[in-house]
Amino acid sequence: MLLGKFLDQFLQQAHSKEQALEKVNALHYETFGRLIKNVNIYNPWFTGEFVLEALNGICLMLKREHLEKWLLNYPELRHPDTREKTIGIVMAGNIPLVGFHDFLCVLVSGNRVMAKPSSKDEHLVKAIADILITITPSFLERITFSEEHLSGMDAVIATGSNN
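This is a predicted model, so every value here is computed, not measured.

## Some words on the overall build of the protein
Within the protein, the regular secondary structure consists of six helices and four strands. Along the chain direction, N to C, the helices and strands of the protein fall in the order α-α-α-α-β-α-β-α-β-β. Computed over C-alpha atoms, the radius of gyration of the protein comes to 16 Å, within 12% of the 15 Å expected from 2.2 N^0.38 for 163 residues, which places it in the range of a compact globule. Over its C-alpha atoms, taken along the principal directions, the protein stretches across nearly 40 × 35 × 25 Å. When the 163 residues of the protein are sorted by exposure, 39% land in the buried category. Here the analysis covers contacts within the protein between residues at least 6 apart in sequence; of these, 75% occur between residues at least 24 apart. For the protein, the computed accessible surface area is about 9,800 Å², with 54% contributed by carbon and sulfur atoms. Charge-centre separation for the protein: the mean point of 16 positive side chains lies 2 Å from the mean point of 19 negative side chains.

Quick look at the structure:
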């Protein structure tokens, strides 16, 4: 939810002075703002408008009431399996942050993310992971990225291809 508040600042085009955002803003606000403006260098389809549209969807997804309603459908998450699984996520790069929902699902389910982002969308998802780690330092041990072939996972989520 704090991630949603952080991202919403870019939709509102206003730097929040909210105390809860103080640390994350100090570490990430300027860098993330520049990334939004310049991410089209890595993928020309990722215009500022498209990136902001993706961020808007994520902000809606991260609203407390939406998260609580969504999680009500998964009562087993209240008593998670003590054995974390490593879930590989092969992310597409055709839409900004298209793999974020899969990323969120793995984290919310108490598992570890091993992500292979698309070379066309690696910058945004890695920046959001860094922001999440600032907000929740224990995620450092639960989020990894790989540029190589993924291996050693318990399950895989793949989007964006016929595979």
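That covers the picture; the talk isn't over yet.
## Some points on the pairing of strand β1 (residues 86-90)
Among the five residues of β1, four are classified as buried, and the element is accordingly described as predominantly covered. Here β1 runs beside strand β2 (residues 112-116); their pairing, made up of five bridges, is parallel. Directly across from T86, in β2, lies its bridge partner R112. In this fold, the crossover linking β1 to β2 by way of helix α5 (residues 100-108) has right-handed handedness. As paired elements, β1 and strand β4 (residues 155-158) share four bridges and run parallel to each other. In the strand pairing of β4, V90 is matched with A158.

## Describing the sheet that holds β4
Strand order across the open sheet formed by four strands is β3-β2-β1-β4, with parallel pairing between neighbours. Here the strands that pair on one side only, and so sit at the sheet edges, are β3 (143-145) and β4. Averaged over all adjacent pairs, the angle separating strand axes in this sheet is 20°, with direction ignored.

## Focus on the pattern of salt bridges
Under the counting rule described, the total for this entry stands at six salt bridges. R112 is paired through a salt bridge with E84; the nearest N and O atoms lie 2.7 Å apart. Of this pair, R112 sits in strand β2 while E84 sits in the loop between α4 (64-72) and β1; the two residues are 28 residues apart in sequence, bridging distant segments of the chain. The partly exposed category is assigned to R112, whose relative accessible area is 26%. Residue E84 is joined to R142 by a salt bridge in which the shortest nitrogen-to-oxygen separation is 3.7 Å. Residue E84 is found in the loop between α4 and β1, and its partner R142 is found in the loop between α6 (122-135) and β3; the two are separated by 58 residues along the sequence. Overlapping salt bridges bring together E84, R112 and R142 as one network.

## Concerning the side chain of N43
Take N43: it is sitting in the loop between α2 (22-38) and α3 (48-61). Those residues in contact with N43, other than ones at most four positions away along the chain, are G93 and K120.

Cut-off values and rules
- Residues numbered from 1 in each chain as written.
- Predicted model: local features only at pLDDT ≥ 70, side-chain atom pairs only at ≥ 80, totals over all residues.
- Heavy atoms only, no water.
- Helix = DSSP H or I, 4+ residues; strand = E, 2+ residues; numbered from the N terminus.
- Rg over C-alpha atoms; globule rule 2.2 N^0.38 Å.
- Buried < 20%, exposed > 50% of the residue type's maximum accessible area, 1.4 Å probe, protein only.
- Contact = heavy atoms within 4.5 Å.
- Areas by Shrake-Rupley, 256 points an atom, 1.4 Å probe, with all protein chains shown as cover.
- Lys, Arg positive; Asp, Glu negative; His and termini not counted.
- Charge placed at Lys NZ, Arg CZ, Asp CG, Glu CD.
- Pairing = 2+ DSSP bridges.
- Right-handed = clockwise from strand over helix to strand, strands pointing away.
- Axes fitted to C-alpha atoms, helices over the stretch in contact; angles between N-to-C directions.
- Salt bridge = Lys/Arg side-chain N within 4 Å of Asp/Glu carboxyl O.

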